[in-house]
Amino acid sequence: MRIIEISVEGLFGIFNHRIPLNLEDRITIIHGPNGFGKTILLKMVYGLFNRRYSELRNIPFLKLEIKFDDGNLVWVERTKRKDKQTQSLFPDEEDGNGTRHKKPKKLGQFQTVAVNWLASNTQEPKAFSLPASSTGEIPTHFIERFDKIVPRLERISQHKWLYLPTREILSPEDIIDRFGHILQFDILPEPDWWTDFQSSVRVHLIEAQRLLNLGSKNSDILHSRPGTILVVEQYASELAEKIQKKLAESAAISQSLDRSFPARLVEKLGKSKLTDDELRQKLSELEEKRTRLKEAGFLEKEEDGAFLPKREIAGSTKEVLEVYVEDVEQKLGVFDGLTQRIDLFRKIINNRFMHKELAISKLTGFSFTTIDGKPLPPTALSSGEQHELVLLYQLLFKVHAGSLILIDEPELSLHVAWQKQFLRDLQEITKLSAFDVLIATHSPQIIHDRWDLTVELKGPAGS
């Protein structure tokens, strides 16, 4: 299921935008003057499918509509009602001093944001409303308990929390939207139909600020700003963990195959299917694969590679080698998907970065060396190099096939030559990972010669 069109009406009270996505090329670019809502539109789409409803509550708009290639339709509408009595988002409860807090009530005009879904196989839409909410309505004593109740949630400022599993910065409203069930009150009674549909739509946002994560104050890696972790360090550690996980999977397969090797060899005797040339070809391919895996950081470079027998392969020797080849193909096969991404990651980075080379290892993830062989930590890279590194890493290692990837200002800190190459690199990545991309940019260099992929956001009445 792919998103084919995004449209918004009454954005900031004046803008109407319609964005058909380029499904064939998988890349769509929106451009326009500052203040026309490029970044805001990305955040609204991301917020809808990632339970960040504060984006929809707080941004002035009338209607957001999203169409899918299978006929599903989702839209969000904002309406005003008068003379209605509403209750706060919080149940009656006692604070630490035993004081009972009542639900405050409001009278007058208020706004409702309704989420609607029309399934492809139905005629009647389903809908539910997001409750009105604002930080001012949340009792202080209740906010203080957020990081004590929600696992792996860490407070980093008065009204900001870091959710460690996803590295997202959340507001109180975001926390309530996402973790109301853990906080033990039903602030947003999402219906099952919406929860199920929402989980089937993957939307990932790569924001303009992508070099810093507000991290744990207890982290071993601290910098001049307390609690701030450079993303390049975080991603290097993540890649090392991914490699080590694949190595563990391969080791488990190896142990299983080793236990059954004698029985499978006996079963193979007298049943050889490969010719001498075919067997040599498979051994040669395994040797090439080992070489790639060494470059990708999975195997040590001093390890011996596969051997190619010089004499004719016949009789029981052929059958032993056939079982050997089958086993090695299974052991190394677990690395295939990750190796492809690492290969492309190394290729793009080493073609872009001057006077330094990217290396991959199971211990450090990725690191760099200068032209004279001296180690260079990722944090010593220039701002432009770090932006390129982080953006490519997210695209290659942190998103899933079938997703819609929203990228805000990919040109940030990039040299003009890199901006012109960006779409070509992105096309290689989308072929490998099969996801769609919506880019918001000010840069004609990013667009380069692909104006056919663009949608211009215009002002009122097409101005």
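Computed from a predicted model, the values in this text were never measured in an experiment. (Residues numbered from 1 in each chain as written. Predicted model: local features only at pLDDT ≥ 70, side-chain atom pairs only at ≥ 80, totals over all residues. Heavy atoms only, no water.)

A.B. asks: Talk me through the overall build of the chain; I want residue IDs and the actual numbers.
C.D. replies: Along the chain, the regular secondary structure elements total 13 helices and 23 strands. Look at the contacts in the chain between residues 6 or more apart in sequence, and 67% of them connect residues 24 or more apart. Of the accessible surface of the chain, which amounts to about 23300 Å², a share of 50% is contributed by carbon and sulfur atoms. (Helix = DSSP H or I, 4+ residues; strand = E, 2+ residues; numbered from the N terminus. Contact = heavy atoms within 4.5 Å. Areas by Shrake-Rupley, 256 points an atom, 1.4 Å probe, with all protein chains shown as cover.)

A.B. asks: How would you explain the sheet that holds strand β13 (residues 160-163) if you had to name every residue and give the values?
C.D. replies: Taking strand neighbours across the sheet as the criterion, the three strands line up as β12-β13-β14 in an open arrangement whose pairing is antiparallel. Strand pairing shows two members of the sheet lacking a second neighbour, β12 (153-157) and β14 (168-170), which therefore form its edges. Averaged over neighbouring strand pairs, the angle between their axes works out to 35° when direction is ignored. The pairing of β12 with β13 spans four bridges and is antiparallel. By the bridge assignment, E154 is partnered in β13 with L162. Across the face of the sheet, helix α5 (residues 172-179) comes into contact with β12, β13 and β14 while running at roughly 105° to β14. (Pairing = 2+ DSSP bridges. Axes fitted to C-alpha atoms, helices over the stretch in contact; angles between N-to-C directions.)

A.B. asks: Go over the pairing of β13, please, and point to the residues and values.
C.D. replies: Between the antiparallel neighbours β12 and β13 lie two residues. Pairing geometry for β13 and β14, over three bridges, is antiparallel. When the sheet's bridge partners are listed, Y163 is paired in β14 with E168. Between the antiparallel neighbours β13 and β14 lie four residues, among them R167 with a positive phi of about 60°.

A.B. asks: Account for the sheet that holds strand β21 (residues 404-408), naming residues and giving values.
C.D. replies: The strands making up a sheet are joined through hydrogen bonds of the backbone, oriented either antiparallel or parallel. Pairing is parallel across the open sheet formed by five strands, whose spatial order is β15-β21-β22-β3-β23. What marks the edges here is a single partner per strand, and that holds for β15 (203-206) and β23 (454-456). Taken over all neighbouring pairs, the strand axes of this sheet differ in orientation by 20° on average, direction set aside. Pairing between β21 and strand β22 (residues 436-440): five bridges, direction parallel. Residue I405 lies in a different strand from β22, and its bridge partner there is V437. Those strands touched by helix α1 (residues 38-49) are β3 (27-31), β15, β21 and β22, and its axis lies near 140° from that of β15.

A.B. asks: Describe in detail the nonpolar core, supporting the description with residues and values.
C.D. replies: Counting residues in hydrophobic clusters, the biggest one holds 59 residues, and the most contacted among them are F345 and F366. Among the elements that line this core, the one with the most residues is helix α11 (residues 383-397), at eight residues. Beyond its immediate sequence surroundings of up to four residues, F345 is in contact with L358, I360, F366, L389, L392, Y393, L396 and F397. Counting residues in each nonpolar core, the second largest holds 43 residues, with L21, Y46, Y53 and L205 among its members. (Core = buried A, V, L, I, M, F, W, Y, C linked by side-chain atoms within 4.5 Å. Buried < 20%, exposed > 50% of the residue type's maximum accessible area, 1.4 Å probe, protein only.)

A.B. asks: Please set out helix α7 (residues 231-268) residue by residue, giving values where relevant.
C.D. replies: Because an α-helix packs 3.6 residues into every turn, residues spaced three or four apart end up facing the same way. Helix geometry: α7 is bent most strongly at F261, by close to 55°, with proline P262 lying one to four residues after it. Directly beyond the C-terminal end of α7, a positive phi value near 80° is found at G270. (Bend = angle between axes of the 7 residues up to and from the residue.)

A.B. asks: Kindly report on the pattern of salt bridges, identifying the contributing residues and their values.
C.D. replies: Pairing between side chains becomes possible if they bear opposite charge and their charged atoms approach one another. Evaluation of the coordinates by the stated rule reveals 20 salt bridges. With a shortest N-O distance of 3.2 Å, D436 and R26 are connected by a salt bridge. Remark: R26 occurs in the loop between β2 (15-20) and β3 and D436 occurs in strand β22; sequence separation between them is 410 residues. For D436, a relative accessible area of 6% gives the class buried. Between D452 and R450 there is a salt bridge whose closest N-O contact spans 2.8 Å. Within the structure, one salt-bridge network assembled from shared partners comprises R2, R26 and D436. (Salt bridge = Lys/Arg side-chain N within 4 Å of Asp/Glu carboxyl O.)

A.B. asks: Quick rundown of unusual backbone geometry? Include the residues and the values.
C.D. replies: The phi angle at R152 is positive, at roughly 60°, despite the residue not being glycine. The backbone of A434 shows a phi angle near 55°, a positive value even though the residue is not glycine. Locating A434 in the fold gives a position in the loop between α12 (416-433) and β22. For A434, a relative accessible area of 30% corresponds to the partly exposed category.

A.B. asks: Please set out the environment of N50 residue by residue, giving values where relevant.
C.D. replies: Among the structural elements, N50 can be located in the loop between α1 and α2 (54-58). With 154 residues separating them along the chain, N50 and H204 place their C-alpha atoms 8.7 Å apart. For N50, the residues in contact, after removing those within four places along its chain, are R178, Q198 and V203. Side-chain polar atoms of N50 contact the backbone oxygen of V203, separated by 3.1 Å. (Polar contact = N/O pair within 3.5 Å; in protein donor to acceptor, adjacent residues only side chain to side chain.)

A.B. asks: An account of α1 is requested, with residue identities and associated values reported.
C.D. replies: For α1, built from twelve residues, the straight-helix expectation of 16 Å at 1.5 Å per residue is met to within 8% by its first-to-last C-alpha distance of 18 Å. Most of α1 is tucked away, with nine of its twelve residues classed as buried. Those residues of α1 lying buried are K38, L41, L42, M44, V45, Y46, G47, L48 and F49. (Expected span 1.5 Å × (residues − 1).)

A.B. asks: Please set out the side chain of T441 residue by residue, giving values where relevant.
C.D. replies: Checked against the element boundaries, T441 lands in the loop between β22 and α13 (444-447). The class for T441 is buried, based on a relative accessible area of 0%. Here S443 takes part through its backbone nitrogen, which lies 2.9 Å from a polar atom of the side chain of T441. Excluding anything up to four places from it in sequence, T441 contacts I29, I30, H31, G32, K38, P410, E411, I446 and I447.

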